[in-house]
Amino acid sequence: MWISTAARLGLAAVWLVAGGLKVGDLAASGRAVNAYQLFPYEVAKTIGAAQPFLEIALGLLLLAGLAVRLSAGISVALLVIFIAGIVSAWTRGLQIDCGCFSSGGQLGAGADPAYGWDIARDAAFLVLAGILLWRPRTRFSIDGILMGDAQ
């Protein structure tokens, strides 16, 4: 149960930091999504504006330990989408910052993307989410209180 608790709190921190860094500049978040060149600009802008709020909501749910399995499932879906987007940018030769923990967008001249690192990092987060899908019961959680096994 401690491993799941650590995974829950770690993933909560990831989502809260990622969303928190983007929520102050939704236009930059939209530009980061647009840099992947997968959607029309208006769609990318909308996704970019919504994404930080989804990340913060997931972080808060995980921090509180409420709907852990559902939050982990949504996390898995998002992380797979993020990894696929990075792979897509890499294979198409785009020179962008993923925007995961920054404003993202086109890289400046001479800057190299860190796609391998970005994928490895997101894969590690995917492992945390997978642990929570497998073992969603954690210590110090609202789910535990509701299920009568609070620690």
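Here we summarise the structure given alongside this text. None of the values given here were measured: they were computed from a predicted structure.

## Observations concerning unusual backbone geometry
For Q37, which is not glycine, the phi torsion reads 55 degrees and is therefore positive. Looking at the element boundaries, Q37 is found in the loop between α2 (26-34) and α3 (41-64).

## Focus on the environment of L38
Among the secondary structure elements, L38 is positioned in the loop between α2 and α3. The exposure class assigned to L38 is partly exposed, which follows from its relative accessible area of 44%. For the pair formed by L38 and A89, sequence separation is 51 residues and the distance between their alpha carbons is 9.2 Å. When sequence neighbours within four positions are dropped, the list of residues in contact with L38 reads S88 and R92.

## A word on the packing of aromatic side chains
Across all of its chains, the model carries four aromatic pairs by this definition. Note on W2 and F140: the rings are 5.8 Å apart at their centroids and 55 degrees apart in plane angle, and the pair reads as tilted. Here W2, found in helix α1 (residues 2-23), pairs with F140, found in the loop between α5 (115-134) and α6 (142-146); they are 138 residues apart in sequence, far enough to count as distant. Here W2 falls in the exposed class, since its relative accessible area comes to 52%. When the ring of F101 is compared with that of F125, the centres are 6.3 Å apart and the planes differ by 70 degrees; the resulting orientation is edge-to-face. Here F101, found in the loop between β1 (96-97) and β2 (105-106), pairs with F125, found in helix α5; they are 24 residues apart in sequence, far enough to count as distant. Assessed through its relative accessible area of 29%, F101 is described here as partly exposed. Over the face of the ring belonging to W134 we find R135, whose NZ or CZ atom lies 4.5 Å from the ring centre.

Conventions adopted
Residues numbered from 1 in each chain as written. Predicted model: local features only at pLDDT ≥ 70, side-chain atom pairs only at ≥ 80, totals over all residues. Heavy atoms only, no water. Helix = DSSP H or I, 4+ residues; strand = E, 2+ residues; numbered from the N terminus. Buried < 20%, exposed > 50% of the residue type's maximum accessible area, 1.4 Å probe, protein only. Contact = heavy atoms within 4.5 Å. Phe/Tyr/Trp six-rings, centres within 6.5 Å; stacked < 30°, edge-to-face > 60°. Lys NZ or Arg CZ within 6 Å of the ring centre and 35° of its normal.

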